[in-house]
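# An overview of the molecular structure
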Amino acid sequence: MILKVVIVEDEKHSRETLKSLLEEFCKDVQVIAMASSVQEAVKVLSVYSPDVVFLDIELQSGVGFDVLNQIKEPSFEVIFTTAFEKYAVKAIKFSSLDYLLKPIDLDELQQAVEKARTRMDTNVYRQQIDTLMQSLSRESNKQEKICLATTAGMEFIAIDDIVLCKADGSYTSFVLKNKTSLLVSKHLKEYENLLSDQLFMRVHNSYVINLREVKKYVKSDGGYIIMSNDMHVSLSPRKKDDLIDAMKRL
């Protein structure tokens, strides 16, 4: 299947470079249009029906998210591109949407294209975009939901429903308040970074916990934590003072 692509990028060199990489190194990809501004992108997307849009976050006429705000019920996948790793990227990660840092790495580009080719689920995509736009519209960094890519599909979970995250090899297990768990194929470090602003804390090599779900800290047996679901969580000795300070600030 030919993957129809639109590129939204305000720098001509970057547009042409991405077009060349896609057409030369990505199988069955056709760049059907390009745009350099928010207004031009909205016009192009109203005429064409792409499968995938490569959308630069930082445009001279605004930001890439302005394009999404003006498209009603988008039916295409989005792969964001950016030269800056900052708050917007964290919001994208909460939504499990793809992004590429510039200069674009060829292997990462090929992986992103193949992921977009296999996803193609409009309903899930709209939920991901909704999660992203809600995150960006909030005045604080407080997130309401996170999108988790499991083996069964995409799961949209309220941040407040997470009790803890546990390392499981190269996977992470999310333990929820309803006593279920979700296995995600990303390292715990990824979620330590993502949830650090959401009152979550790495307390051990194997655990990131929701500080609001701590029921008790026990000093004996080297020190451990009892969570709201009665799970016992090991506490690294070097994290003890950090945990106590964090709990005082809640």
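For the structure, see preceding data.
For clarity, every value in this text was computed on a predicted model and none was experimentally measured.

Parameters and conventions
Residues numbered from 1 in each chain as written. Predicted model: local features only at pLDDT ≥ 70, side-chain atom pairs only at ≥ 80, totals over all residues. Heavy atoms only, no water. Helix = DSSP H or I, 4+ residues; strand = E, 2+ residues; numbered from the N terminus. Buried < 20%, exposed > 50% of the residue type's maximum accessible area, 1.4 Å probe, protein only. Areas by Shrake-Rupley, 256 points an atom, 1.4 Å probe, with all protein chains shown as cover. Lys, Arg positive; Asp, Glu negative; His and termini not counted. Salt bridge = Lys/Arg side-chain N within 4 Å of Asp/Glu carboxyl O. Contact = heavy atoms within 4.5 Å. Core = buried A, V, L, I, M, F, W, Y, C linked by side-chain atoms within 4.5 Å.

On to the overall build of the chain, then. When helices and strands are tallied, the chain shows eight helices and 17 strands. Expressed along its principal axes, the backbone C-alpha trace of the chain runs to roughly 65 × 35 × 30 Å. Counting across all 250 residues of the chain, residues that qualify as buried make up 46%. Of the roughly 13000 Å² of accessible surface on the chain, 47% is carried by carbon and sulfur atoms.

With that settled, consider the side chain of Arg 15. Checked against the element boundaries, Arg 15 lands in helix α1 (residues 12-25). With no salt bridge to any partner, buried Arg 15 finds its closest opposite charge in Glu 16, at an N-O distance of 5.4 Å. Setting aside residues no more than four positions away along its own chain, Arg 15 makes contact with Ile 7, Glu 9, Asp 10, Met 34, Ala 35 and Ser 36.

The subject of this paragraph is the nonpolar core. Core analysis: the largest hydrophobic core is formed by 28 residues, its most contacted members being Leu 68, Phe 80 and Leu 132. Only β1 (3-8), β2 (29-35), α2 (38-47), β3 (52-56), α3 (64-70), β6 (77-82), α4 (87-94) and α6 (122-137) provide two or more residues apiece to this core. Top contributing element to this core by residue count: α2, with five residues. In this view, Leu 68 contacts Leu 55, Phe 76, Val 78, Phe 80, Tyr 125, Ile 129 and Leu 132; residues no more than four positions away in its chain are not counted.

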